[in-house]
Amino acid sequence: MPNPSLDSQFLHPDRHNRETLRQLGYAFVDLITDAVIDRQDRAFVKDESPFQIDIPNHGTASTDLLLELRSQILPRALNLQNPRYMGHMDSVPLAITIWADALTAALNNNMLSQELAPVFTQLEAQLVTWFGKLFGLGDRAFGTLTAGGSLANITAMLLARNAKQPTSQDLGVNSRTNHNLVAFVSDAAHTSFDKAMNVIGLGRENLIRVTTNDRGEIELEALESAVQQAIAQGKQPFFIAAIAGTTVTGAIDNIAAVGAIARQYDCWFHIDAAYGGAAIFSPQWKYLLNGCDAADSLTFNPQKWMWVSRTCAMLLVKQKQDLVNGFKMELPYMADNSLNFGNINLQGTRRTDSLKLWLALRSLGLNGYAELIDRSMAHAVAFRQWIDASQETELVCEPTINLVCFKSHNPAISSAALRQKWIDAEKLWLSLPLWKGDRILKAVILHPHATW
Ligand SMILES: *Cc1c(COP(=O)(O)O)cnc(C)c1O
């Protein structure tokens, strides 16, 4: 007797179960379209009760599993389709990227090497080259997709450490080789820089956090004096980052000025444009990213403001050789090491995230992206006017992009309580970040049909 649960998973050579496999696919298409995509008017989270797994010995029919997904899993998921959700940098994925992810899973190629992912190695190489040019990094630019912006930032710091101190790659950074390397980012920079200092062995205490103004932009004089002070203490500055779209307020540092300081003190210049980088697609707003051309490396997440399903992020470098030197790797089990992304990436086996990114770009075109970016900027202006007009709320700082930070203006209700009231009423789902010592309300207006 054939085991029915195996028979529904792999195509039999005689193809007798091909229609069964197709029906499973169709059932998922229906589930995703009806119970995920078509959920704009549904709760943010319908069911908050805990979910408990149960793994029996016998397999379960797909039809039953689909019912279980519909009744047990989907109601407990956060519903990003709701246009009143604007809590974090989470977007509704473009439909084509949802299905592209299924195709990617079906192909299951491995970005470790060219022989395991022939066309996708070309696709990824061409995409990172294209994005490098888009950000003005020039003809030698290259990069790699990564599973998120944190990993891209960690990789950037690793490259910077190895560029400044090439021996650290082989000898490590123990007391014999530690050259007192210190890095500089603003106090509004992402926590992944702390992680990176931990990972690359320099230690979090050697990440110097520079003060920001009330909007969250790095203070240039404070940066320069921090660098000088570190040098006076016998330390060696090796890395300075500018942030294009900070996680709390969406602020964009004065990129050109930070870059000039980095160059003056012979530091690697990184730009964390994980979120704000998408402004490059808008002829109206790309000026916000002026100065990117000076970067040694740049982090960008299409999974945020480009509406590509996650994960999809990248690290770009101005000089391809920096990426190669930063790893100095060859995979011994590959026939050809000419371009194996596994040699220039912290990840080994890696998913093909290029396919959905390429499809998203082809599907919307540059004009479509410009329109979507401009639309979310317009939404942010309207949202801000709503905050200004309300008696209940007041703006915390001037927004730069489509992130609006504000707080409760009513002494009888804290920002946290106002947030909960709005979530309970299904009015708005906002986040409650800590900002300069206060809990504030943050809206990231990404939904193309955002409403409030
Ligand atoms: C989101 C974000 C990151 C981290 O990216 P992940 O994909 O969450 O790892 C880093 N920096 C900035 C500025 C971000 O907005």
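From a predicted model like this one, the values you see are computed outputs, not experimental measurements. Counting from 1, residues in each chain are numbered in the order their sequence is written. Residue-level local features of this predicted model are given only where pLDDT is at least 70; pairs of side-chain atoms are given and counted only at 80 or more, and the full residue set underlies all totals for whole chains, interfaces and linings. The side-chain quantities take in all heavy atoms of the structure and omit both hydrogens and water.

### Quick word on the overall build of the chain
So, point 1. Put simply, DSSP H or I for four residues or longer makes a helix, DSSP E for two residues or longer makes a strand, and each gets a number counted from the N terminus. Per the secondary structure count, the chain includes 14 helices and twelve strands.
So, point 2. Throughout, radius of gyration means the C-alpha value; the globule benchmark is 2.2 Å times the number of residues raised to the power 0.38. Against the compact-globule benchmark of 22 Å for 452 residues, the chain has a radius of gyration of 24 Å, which places it among compact chains.
So, point 3. On the principal axes, the C-alpha backbone points of the chain span a range of 75 × 65 × 45 Å.
So, point 4. Any residue under 20% of the maximum accessible area for its type is buried, any over 50% is exposed, and the rest in between are partly exposed; the area is computed with a 1.4 Å probe on protein chains only. Across the 452 residues in the chain, those meeting the buried criterion constitute 49%.
So, point 5. Residue contacts follow a heavy-atom distance rule, with two residues in contact if any of their heavy atoms lie within 4.5 Å. A sequence separation of at least 24 residues applies to 72% of the contacts in the chain between residues at least 6 apart.

### Regarding the UniProt feature "modified residue: N6-(pyridoxal phosphate)lysine" (unreviewed entry) in the chain
So, point 1. UniProt positions are given in the numbering used here, feature names are shortened, and annotations may be inferred rather than shown by experiment. On the UniProt side, "modified residue: N6-(pyridoxal phosphate)lysine" (unreviewed entry) is annotated at positions that read Lys304 here.
So, point 2. Structurally, Lys304 is set in helix α11 (residues 302-305).
So, point 3. Judged by relative accessible area, Lys304 falls into the buried class, the value being 16%.
So, point 4. When sequence neighbours within four positions are dropped, the list of residues in contact with Lys304 reads Met89, Ser91, Ala274, Tyr275 and Leu446.

### Overview of the side chain of Glu124
So, point 1. Here Glu124 lies in helix α5 (residues 118-134).
So, point 2. Pairs of N or O atoms are called polar contacts if they sit within 3.5 Å, as long as, within protein, a hydrogen donor faces a hydrogen acceptor (for residues adjacent in sequence, only side-chain-to-side-chain pairs). A distance of 2.9 Å separates a polar atom in the side chain of Glu124 from a polar atom in the side chain of Arg350.
So, point 3. For Glu124, the contacting residues outside a window of four places in its chain are Met111, Thr144, Leu145, Phe341, Arg350 and Ser354.

### Quick look at the domain arrangement of the chain
So, point 1. Domain limits in this description derive from either an automatic procedure or a database domain assignment. Segmentation of the chain into domains returns domain 1 (22-79) and domain 2 (109-359).
So, point 2. For domain 1 and domain 2, the distance between their C-alpha centroids amounts to 37 Å.

### Examining the site of the ligand
So, point 1. The environment of the ligand is formed by 14 residues, the closest being Gly149, Ser150, Asp272, Gln303 and Lys304.
So, point 2. Here an oxygen atom of the ligand and a backbone polar atom of Gly149 are 2.7 Å apart.
So, point 3. In the environment of the ligand, a nitrogen atom lies 2.6 Å from a nitrogen or oxygen atom belonging to the side chain of Asp272.
So, point 4. Taken together, the elements giving at least two residues each to the shell around the ligand come down to α6 (149-164) and α11.
So, point 5. By residue number, the principal contributor to the shell around the ligand is α6, which donates three residues.
So, point 6. Note that Gly is not counted as nonpolar here; it falls among the polar residues with everything else outside the nonpolar set of Ala, Val, Leu, Ile, Met, Phe, Trp, Tyr, Cys and Pro and the charged set of Asp, Glu, Lys and Arg. Of the residues contributing to the shell around the ligand, the split by class is three nonpolar, nine polar and two charged. Here a residue is considered near a molecule or strand provided that any single heavy atom belonging to it is located within 4 Å of it.

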